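# Structural description and commentary
As a plain string of letters, each chain reads:
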Amino acid sequence: MEGKSKIRIFLDDSPQPIAELTSPINFELDTRRLVDGPHTLKIVGRDPTGKEGIRIIPFIVRNGPAIEVEGIAENAVVDGVVPVMVNAYGKGDQRLFLIEGSETPQSIPSWVWVLIIGFAGWALYYLLRYLGMP
């Protein structure tokens, strides 16, 4: 295998590589065994003369259920009783789509209420004018 570069692949801060291969390579990174959150893939290549190159690729694993929170944001300043809605849903069986639980229910935005009240007031005004009431 002379004339080919050696590649070592490390995951996070592990001192032991998850793979030592000769380039060129194709591999599949199985994230199902990783904890959700930030991770780092470090690839170290060494050419036949002994020179090394390093490439670090940060990535985020999200295999677990998605968690949606409504009612409080990160670093929010709050007081009193704060209503919070939490929804967690996973991908499930990707061959079968289930609508129930796959979307987070949300409250109606305040601008929609303002629009509805404004339209109702406008309609009531013209209804009263049409019926001849002052």
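Let me sum up the structure you'll find in this document. A quick note: this is a predicted structure, and the numbers were derived from the prediction, not measured. Here the residue numbers are simple positions, counted from 1 along each chain's written sequence. It should be noted that, the model being predicted, local features are given only for residues of pLDDT at least 70 and side-chain atom pairs only at 80 or more, the latter also being counted only at that level, while totals for whole chains, interfaces and linings use all residues. In computing side-chain properties, one takes all heavy atoms of the structure into account and sets aside hydrogens as well as water.

### A look at the nonpolar core
Spelled out, the test is: By nonpolar core we mean a set of buried residues, namely Ala, Val, Leu, Ile, Met, Phe, Trp, Tyr and Cys, connected to one another through side-chain atoms within 4.5 Å. The cut-offs for exposure are 20% and 50% of the maximum accessible area for each residue type, with area from a 1.4 Å probe on protein chains only; residues under the lower value are buried, those over the upper are exposed, and the others partly exposed. In DSSP terms, a helix is any run of H or I states spanning at least four residues, a strand is any run of E spanning at least two, and both are numbered starting from the N terminus. Note on contacts: a residue pair is in contact if any heavy atoms of the two residues lie within 4.5 Å.
Core analysis: the largest hydrophobic core is formed by 7 residues, namely Ile7, Ile9, Leu11, Leu34, Leu41, Phe59 and Val61. Of all elements in the fold, only β1 (6-11) and β4 (52-61) reach the threshold of two or more residues within this core. Of all the elements, β1 adds the most residues to this core, at 3 residues. The contact partners of leucine 11, leaving out residues within four places of it in the chain, are Ile18, Leu34, Thr40, Leu41 and Phe59.

### Quick look at the packing of aromatic side chains
For any pair of aromatic rings, the description rests on two quantities: the centre-to-centre distance and the angle between the ring planes. Here is the rule we go by: Stacked, tilted and edge-to-face are the three classes assigned to paired rings of Phe, Tyr and Trp, where Trp is represented by its six-membered ring and a pair needs centres within 6.5 Å; plane angles under 30 degrees give stacked, over 60 edge-to-face, the rest tilted. Criterion for a charge above a ring: Lys NZ or Arg CZ within 6 Å of the ring centre, and within 35 degrees of the ring normal.
If you walk through the whole model with that rule in mind, you get 3 aromatic pairs. Judged by centre distance (5.7 Å) and plane angle (35 degrees), the rings of phenylalanine 119 and tryptophan 122 are tilted. Separated by 3 residues within a single helix, phenylalanine 119 and tryptophan 122 lie in helix α1 (residues 110-130), roughly one turn from each other. Members of the aromatic cluster, connected to one another through ring pairs, are Phe119, Trp122, Tyr125 and Tyr126. Taking the ring centre of phenylalanine 10 as reference, the NZ or CZ of lysine 42 above it sits at 5.4 Å.

### Focus: the side chain of histidine 39
Along the chain, histidine 39 turns up in strand β3 (residues 37-46). Judged by relative accessible area, histidine 39 falls into the buried class, the value being 10%. Among residues more than four places away in sequence, those in contact with histidine 39 are Asp12, Leu34, Ile57, Pro58, Phe59 and Val61.

### Here's the deal with the sheet that holds β1
For the record, the criterion: At least two bridges found by DSSP between two strands is the condition for calling them paired. Interaxial angles span 0 to 180 degrees and are taken between N-to-C directions of axes, which are lines fitted to C-alpha atoms, for helices over the stretch in contact.
Taken together, 4 strands build an open sheet; the order of strands is β2-β1-β3-β4 and the sheet is antiparallel. Taken across any chain shown, the strands that pair with only one partner, and hence form the sheet edges, are β2 (19-22) and β4. On average, each strand axis in the sheet is tilted by 20 degrees relative to the strand beside it, whichever way the strands run. Two strands pair when backbone bridges link them, and β1 and β3 are joined in this way by 6 bridges, in the antiparallel orientation. Looking at β3, one finds that arginine 8 is bridged to valine 44.

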